[in-house]
Amino acid sequence: MESREAFEARMAQVIWDNRWKKESAYEVFTKSHMCVEGARVYALEHCVFADNFPRWFGAIVANCPIASARRYMIENMYVEEVNDATIQNGHYESLVDFAVALGLDRDFIYHYEGRTYTKLAMAYWDRAVRAWHWTEAFAAVAGLEAARGPAVLKLGGARPNSRSVFKSLGLSDKAMSHWQAAETADYGHDGHGDMTLKILSEHVTEESHKARILKVLAETMQVRWFHFDCIGRDALKASGVSLDTLQPAQ
């Protein structure tokens, strides 16, 4: 019988293969062309994502019969939407602070619904949490955190969204508090990233079920890669960078 650790390693590899094996335009932007204009593009789209993220967990919780998994998701929702003790603010509001520091209007951010590719990505995760078994929905949504967790990062080539990515923008500590919170919540040994894999390995034991979870993880990473590639292309355009050298989005 496969150990939980072996299944977690398989899940991490599938995540890496579909999210990090091929560099998206967003990674090109952050590595070589970071600027305020491009960061505004990213911040706006990511605010839409962050506003929806805890709602997806709420939908999964409603269909999850496992108390320990529900507690994990509720705790995750709390730091996203209400308060993270490390920064005394919720992750969404701290992200809005980041966007405002880049020159965007707060009220505009609150009412912004995203570019077409963001709406399409949101629709994928909305359907996942309402139509699928809780483990599949959890893989689709919490897997997005696992993509930047230690088990995936150690495979190489993956890049966490941390303060170092945006350091060159010269923003205040308050404006950067969202990324400080993300470093603590997602990237540590006991952070949200690897907890996704641990919860799935505990509750997914049948081979057919494992195969389905691996397929969901591959699919959700493909959606996320495409989403980030589209954001990155628009961020590069806003930065005045030619897209001629980029590979076509897939």
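Quick note: structure is the one above.
Residues numbered from 1 in each chain as written. Predicted model: local features only at pLDDT ≥ 70, side-chain atom pairs only at ≥ 80, totals over all residues. Heavy atoms only, no water.

Draft legend 1. Structural context of the overall build of the protein chain. If you tally the helices and strands in the protein chain, you get 13 helices and 0 strands. Helices (α) and strands (β) of the protein chain occur, in sequence order from the N terminus, as α-α-α-α-α-α-α-α-α-α-α-α-α. Relative to the globule expectation of 18 Å for 250 residues, the C-alpha radius of gyration of the protein chain, 17 Å, shows essentially globular dimensions. Of all 250 residues assigned to the protein chain, the portion counted as buried reaches 55%. Of the contacts made within the protein chain by residues no fewer than 6 positions apart, 75% connect residues no fewer than 24 positions apart. In the structure as shown, the protein chain presents an accessible area of about 11200 Å², 52% of it carried by carbon and sulfur atoms. (Helix = DSSP H or I, 4+ residues; strand = E, 2+ residues; numbered from the N terminus. Rg over C-alpha atoms; globule rule 2.2 N^0.38 Å. Buried < 20%, exposed > 50% of the residue type's maximum accessible area, 1.4 Å probe, protein only. Contact = heavy atoms within 4.5 Å. Areas by Shrake-Rupley, 256 points an atom, 1.4 Å probe, with all protein chains shown as cover.)

Draft legend 2. Helix H5 (residues 91-101), seen in detail. With 8 of 11 residues buried, H5 lies mostly within the body of the structure. Residues of H5 that are buried: His-91, Tyr-92, Ser-94, Leu-95, Val-96, Asp-97, Phe-98 and Ala-99. Gly-103, located one to two residues past H5, shows a positive phi value of around 110°.

Draft legend 3. Examining the packing of helix H3 (residues 36-62) against H5 more closely. Interaxial distance between H3 and H5 falls to 10 Å at its minimum, and their mutual angle equals 170°. Looking at the two axes, H3 sits roughly antiparallel to H5. In contact with Ala-43, His-46, Cys-47, Ala-50 and Asp-51 of H3, H5 contributes Tyr-92, Leu-95, Val-96, Phe-98 and Ala-99. (Axes fitted to C-alpha atoms, helices over the stretch in contact; angles between N-to-C directions. Parallel < 35°, antiparallel > 145°, perpendicular 65-115°, else oblique.)

Draft legend 4. Molecular detail of the pattern of salt bridges. One pass over the structure, following the stated rule, counts 15 salt bridges. Between Lys-31 and Glu-23 there is a salt bridge; the shortest N-O distance is 2.8 Å. Given the relative accessible area of 39%, Glu-23 is considered partly exposed. We note a salt bridge from Arg-212 to Glu-136, for which the minimum N-O separation is 3.4 Å. Taken together, the residues span a long stretch of sequence, with Arg-212 in helix H13 (residues 207-238) and Glu-136 in helix H8 (residues 134-146) at a distance of 76 residues. On the basis of relative accessible area, Arg-212 is assigned to the partly exposed category, the value being 26%. Within this structure, Glu-2, Arg-10, Glu-207 and Lys-210 form a network of salt bridges that share partners. (Salt bridge = Lys/Arg side-chain N within 4 Å of Asp/Glu carboxyl O.)

Draft legend 5. Representation of the layout of surface pockets within the structure. Size it by volume and the largest pocket reaches roughly 210 Å³. Lining the largest pocket are 12 residues; nearest its centre among them are Glu-8, Ala-151, Lys-154, Asp-194 and Leu-197. Only helix H1 (4-19), helix H9 (150-153) and helix H12 (192-203) provide two or more residues apiece to the lining of the largest pocket. Here the element with the most residues in the lining of the largest pocket is H1; it accounts for 4 residues. Residues of the lining of the largest pocket, tallied by class, amount to 6 nonpolar, 1 polar and 5 charged. (1 Å grid on protein atoms, 1.4 Å probe; cavity = no way out; pocket = protein on both sides within 12 Å on 5 of 7 lines; lining within 4 Å. Points joined across faces, edges and corners; volume = space filled by probe spheres on them. Nonpolar A, V, L, I, M, F, W, Y, C, P; charged D, E, K, R; others polar.)

Draft legend 6. Inspection of the environment of Thr-196 at higher detail. Inspection of the secondary structure puts Thr-196 in helix H12. Note on Thr-196: relative accessible area 0%, which makes it buried. Taking C-alpha positions, Thr-196 is 9.0 Å from Gly-149, a pair spaced 47 residues apart along the chain. Excluding its chain neighbours within four sequence positions, the residues that come into contact with Thr-196 are Tyr-72, Phe-138, Ala-142, Gly-143 and Ala-146.

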